[in-house]
Amino acid sequence: MTGMRERKKAQNRAALLASGRKLFASKGVDATSMESVAADADISTPSLYNYFGSKDELLAAIIVQDLEAEIADAGTVVAKPPKPARSAYLKLIRIYFTAFDSIDRAMLRRFTAHAIAREDSAYIDYFGVDSQLLSQIEKMTIAMCDAGTLPQGTEPKRLARAVFSIANSEYYAYIADDEIRSDRVVKIIADQIDLLLS
């Protein structure tokens, strides 16, 4: 019985995510009510709130799900970073920014704003993505130090944090400008990484 209940919960959650994604894309987040998401998913509105406490929690879950699908390849870059170090960092960062390109900027701005305001679970979801990228950069930097790709005496955690900070600051510029594409942002990041590694 518990297995059936868990499957039903997973099906309901998936239906709510699919309905939210569809309605947010067609009508916009502000114009979409939680009631319309529930109706589209064929789930009662009170039941919807058992899964997502607010529209922003639903949005955060959709964005994280979309990013997880897009950034699955990041692990292979971390496990076997290309040489030189610049190429490794840019390949990893490009995966994330290409994934961001697939998400509406207004939704990314809202997701980020609610996370910074520490509202709902958006905070946990947003900083989970942040932590994942930082962890991947750190692991990759340590691997490159061990392989001799980076100069002897490099402090991997400090270098990783600096690379992450560059990418993170450019993320804010990226979400503020609906016209800029990920390839342009990666070029800006590349210029800063060049300075860092010189």
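The model shown is predicted, which means the values in this text are computed figures rather than measured ones.

Rules used throughout
Residues numbered from 1 in each chain as written. Predicted model: local features only at pLDDT ≥ 70, side-chain atom pairs only at ≥ 80, totals over all residues. Heavy atoms only, no water. Helix = DSSP H or I, 4+ residues; strand = E, 2+ residues; numbered from the N terminus. Buried < 20%, exposed > 50% of the residue type's maximum accessible area, 1.4 Å probe, protein only. Contact = heavy atoms within 4.5 Å. Areas by Shrake-Rupley, 256 points an atom, 1.4 Å probe, with all protein chains shown as cover. Lys, Arg positive; Asp, Glu negative; His and termini not counted. Charge placed at Lys NZ, Arg CZ, Asp CG, Glu CD. Core = buried A, V, L, I, M, F, W, Y, C linked by side-chain atoms within 4.5 Å. Salt bridge = Lys/Arg side-chain N within 4 Å of Asp/Glu carboxyl O. Expected span 1.5 Å × (residues − 1).

(A) Fine view of the overall build of the protein. Helices and strands together make up the secondary structure of the protein, namely 10 helices and zero strands. Walking the protein from its N terminus toward its C terminus, one meets helices and strands in the order α-α-α-α-α-α-α-α-α-α. Referenced to the eigenvectors of the C-alpha coordinate spread, the extents of the protein come out at roughly 60 × 45 × 25 Å. Buried positions account for 43% of the 198 residues belonging to the protein. Within the protein, counting contacts between residues at least 6 apart in sequence, those at least 24 apart form 70% of the total. As presented, the protein carries roughly 10300 Å² of accessible surface, and 53% of it is formed by carbon and sulfur atoms. A distance of 5 Å separates the average location of the 25 positive side-chain charges in the protein from that of its 27 negative side-chain charges.

(B) Geometry of the nonpolar core. Tyr89, Leu92, Phe97 and Ile189 are the most contacted members of the largest nonpolar core, which totals 63 residues. Considering every element that reaches this core, the biggest residue donor is helix α6 (residues 85-101), with 11 residues. Not counting residues within four places of it along the chain, the set of residues in contact with phenylalanine 97 comprises Ala167, Glu170, Tyr171, Tyr174, Ser182, Val185, Val186 and Ile189.

(C) Seen up close, the pattern of salt bridges. Going through the model one piece at a time under the given rule, you end up with 11 salt bridges. Between aspartate 56 and arginine 110 there is a salt bridge, and its shortest N-O distance comes to 2.5 Å. Of this pair, aspartate 56 sits in helix α4 (residues 55-70) while arginine 110 sits in helix α7 (residues 105-116), and the two are 54 residues apart along the sequence. A relative accessible area of 8% means that aspartate 56 is categorised as buried. Between aspartate 191 and lysine 187 there is a salt bridge whose closest N-O contact spans 2.9 Å. Of the two residues, aspartate 191 and lysine 187 both sit in helix α10 (residues 182-197), four residues apart, roughly one turn of that helix. When its relative accessible area of 43% is taken as the criterion, lysine 187 is described as partly exposed. Counted as one network, the salt bridges with shared partners bring together Asp30, Asp56 and Arg110.

(D) Fine view of α4. Counted at 1.5 Å a residue, the expected span for α4 with its 16 residues is 22 Å, and the 23 Å between its end C-alpha atoms agrees. Those residues of α4 not exposed but buried are Lys55, Asp56, Glu57, Leu58, Leu59, Ala60, Ala61, Ile62, Ile63, Val64 and Leu67.

(E) Local environment of unusual backbone geometry. Note the cis peptide between lysine 83 and proline 84, where omega equals -5°. With respect to the helices, strands and loops of the structure, proline 84 is situated in the loop between α5 (74-79) and α6. Even without being glycine, aspartate 42 reaches a positive phi, approximately 60°. Counting through the fold element by element, aspartate 42 comes out in the loop between α2 (34-41) and α3 (45-51).

Such coordinate-based values are descriptive only and should not be taken to indicate function.
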